[in-house]
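Chain residues, written in single-letter form:
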Amino acid sequence: MPGSLVVVNPSASRARDASTLAALTERIGQVLCERDGTAPRIVETGQPEDVRPLVTEAMDDGVAAVVGVGGDGTMRDIAGVLTGTDVPLGIVPAGTANQVAAALGIPRSPLEATDVLAAATARAIDLGEV
């Protein structure tokens, strides 16, 4: 699976409204398609326990990057699979507190964070700091 996987938690507080979620995922798809030259695979999680298997499967398929749309729990679950790999995690904060995004200086607005993905460069972070 070349390109990016986008994991969307539709129960995140900023993504519960169907029209807001549709607009956000459409924008993410546009940004990543322009950046990567290929459309991302966008999946919604039904349950929190769905996240890790989705990311693991994408890793097995050779995904280039994973973008999480949700809160700290969603990011924790994705990062748990990506830890120790070279696959970057893009964060679009859509939860209630979004402490991970705040600690990393990611814009709190999901749309602003999406626009940052267009020119973002990967950087290593210490999970203990976050």
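Preceding block: the structure.
On a predicted model such as this, the values are computed, not experimentally measured, just so you know. (Residues numbered from 1 in each chain as written. Predicted model: local features only at pLDDT ≥ 70, side-chain atom pairs only at ≥ 80, totals over all residues. Heavy atoms only, no water.)

Enquirer: I'd like a rundown of the pairing of strand β4 (residues 89–93), residues and numbers included.
Expert: Here β4 lies mainly inside the structure; four of its five residues are buried. In terms of strand pairing, strand β3 (residues 65–70) meets β4 through five bridges, oriented parallel. Paired with V67 across the bridge in β4 is G90. As for the winding sense of the linkage, the β-α-β connection from β3 through helix α3 (residues 72–82) to β4 is right-handed. (Buried < 20%, exposed > 50% of the residue type's maximum accessible area, 1.4 Å probe, protein only. Helix = DSSP H or I, 4+ residues; strand = E, 2+ residues; numbered from the N terminus. Pairing = 2+ DSSP bridges. Right-handed = clockwise from strand over helix to strand, strands pointing away.)

Enquirer: How would you explain the sheet that holds strand β1 (residues 4–8) if you had to name every residue and give the values?
Expert: Pairing is parallel across the open sheet formed by four strands, whose spatial order is β2-β1-β3-β4. Whereas interior strands pair on both sides, the edge strands pair on one side only; in this sheet they are β2 (41–44) and β4. If you compare each strand with its neighbour and ignore which way they point, the axes differ by 15° on average. On the sheet, α3 packs against β1, β3 and β4 and is oriented at approximately 160° with respect to β3. Sheet contacts for helix α5 (residues 110–117): β3 and β4; angle to β4, the most-contacted strand, approximately 155°. (Axes fitted to C-alpha atoms, helices over the stretch in contact; angles between N-to-C directions. Contact = heavy atoms within 4.5 Å.)

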